[in-house]
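Observations on chain architecture
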Amino acid sequence: MVAVDSGFPRSPRGAVKLARALVAGVAFLCFAASRGPGACTALAVMEAVITVLFFLLYLLRLDQRLSGLFWPLADVFNSVIAASFLLVVCLFAVIVKTNNGTLAGGVFGLVLLVLCVVDAVLLFRKISLDGPRGRNTPAK
């Protein structure tokens, strides 16, 4: 049976992940409704799906079972790469603004950019690259 971390959605990291998924969904809806550029729509969908998958990874504590990869560092890389893509694509959407839906999607994308940076900072503060990685490590 899979253990569920019931405290994760109420934690700052969990709340930021939920906010990222919701804002990415809203940005997708804005871009899709306005028939905005395909890159904007695809980026919003990818960001929503990847964020939900990371949320489920931490919620179901699969990061402990799948220990072959250092998941918090992969999550930081995801946040940084997503932020850089969002910066380019959403600034393009705001500048071009073919209609109000594209403008709204671009603004939600820029809000998502800020959430990605906040998530990366929260995760980077959690990571200790020189220390032990497990939750059950002995105290020094």
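A short tour of the structure in this document, coming up. (Residues numbered from 1 in each chain as written. Predicted model: local features only at pLDDT ≥ 70, side-chain atom pairs only at ≥ 80, totals over all residues. Heavy atoms only, no water.)

1. Focus: the overall build of the chain
The cut-off we apply is this: Secondary structure elements follow DSSP: runs of H or I of four or more residues count as helices, runs of E of two or more count as strands, with numbering from the N terminus. For every residue, the accessible area (1.4 Å probe, protein chains only) is compared with the maximum for its type, and the residue is labelled buried under 20%, exposed over 50%, or partly exposed between those bounds. Only heavy atoms matter for contacts: two residues are in contact if any of them lie within 4.5 Å across the pair. A 1.4 Å probe and the Shrake-Rupley method give the accessible areas. Residues count as covered only by the protein chains that appear here.
Of the regular secondary structure elements, the chain holds 5 helices and 0 strands. The order of α-helices and β-strands along the chain, N terminus first, is α-α-α-α-α. The buried share of the chain, taken over its 140 residues, is 39%. Counting contacts in the chain only where the partners sit at least 6 residues apart, residues at least 24 apart contribute 75% of the total. Accessible area of the chain: about 8,200 Å², with a carbon and sulfur share of 71%.

2. As for the pattern of salt bridges
Filter applied, for reference: What counts as a salt bridge is simple: a side-chain nitrogen of Lys or Arg found within 4 Å of a carboxyl oxygen of Asp or Glu.
For the coordinates displayed, the defined rule picks out 4 salt bridges. Among the ionic pairs, E47 bridges to R20, the shortest N-O distance being 2.3 Å. Here R20 lies in helix α1 (residues 12-33) and E47 lies in helix α2 (residues 38-59), a separation of 27 residues in the sequence. Look at E47 and you get buried, because its relative accessible area is 4%. One continuous salt-bridge network, built from bridges that share partners, spans K17, R20, E47, D75 and D119.

3. Comments concerning empty space enclosed by the protein
Heads up, the condition is: Lining residues are defined by having an atom within 4 Å of a point belonging to a cavity or pocket. Those points lie on a 1 Å grid over the protein atoms alone, cavities being sets where a 1.4 Å probe fits but cannot get out and pockets being open sets with protein on both sides within 12 Å along at least five of seven lines. Grid points are joined across faces, edges and corners, and a volume is the space filled by probe spheres set on the points. Classes in brief: Ala, Val, Leu, Ile, Met, Phe, Trp, Tyr, Cys and Pro nonpolar; Asp, Glu, Lys and Arg charged; the others, Gly included, polar.
For the structure shown, the criterion picks out 1 cavity of 30 Å³ or more. Looking at the largest cavity, its volume works out to about 40 Å³. Lining the largest cavity, in full, are A27, F31, C40, L43, A44, L86, V89, C90, G109 and L112. Residue composition of the lining of the largest cavity, grouped by class: 9 nonpolar, 1 polar and no charged.

4. Comments concerning helix α4 (residues 71-96)
The following threshold applies: By this rule the span expected of a helix is its residue count minus one, scaled by 1.5 Å.
Taking 1.5 Å of rise per residue, 26 residues should cover 38 Å, and α4 covers 37 Å from first to last C-alpha, within 8% of that figure. Within the span of α4, buried status applies to W71, P72, D75, V76, N78, S79, A82, A83, L86, V89, C90 and A93. Where the residues of α4 are buried, they touch α1, α2, α3 (62-65) and α5 (100-126). Just beyond α4, the residue with positive phi is K97, at close to 30 degrees.

5. Observations concerning a nonpolar patch on the surface
Basically, it comes down to this: Patch definition: residues with relative accessible area over 30% and no salt bridge; like charges joined within 9 Å; nonpolar side chains (Val, Leu, Ile, Met, Phe, Trp, Tyr) joined within 5 Å.
Together, L87, V88, L91, F92, I95 and V96 give the surface a local cluster of nonpolar side chains, amounting to about 570 Å² of exposed area. Tracing the backbone through its elements, the reader meets V96 in helix α4. Residue classification places V96 among the partly exposed residues on the basis of a relative accessible area of 42%.

So yeah, pure geometry; function would need other evidence.
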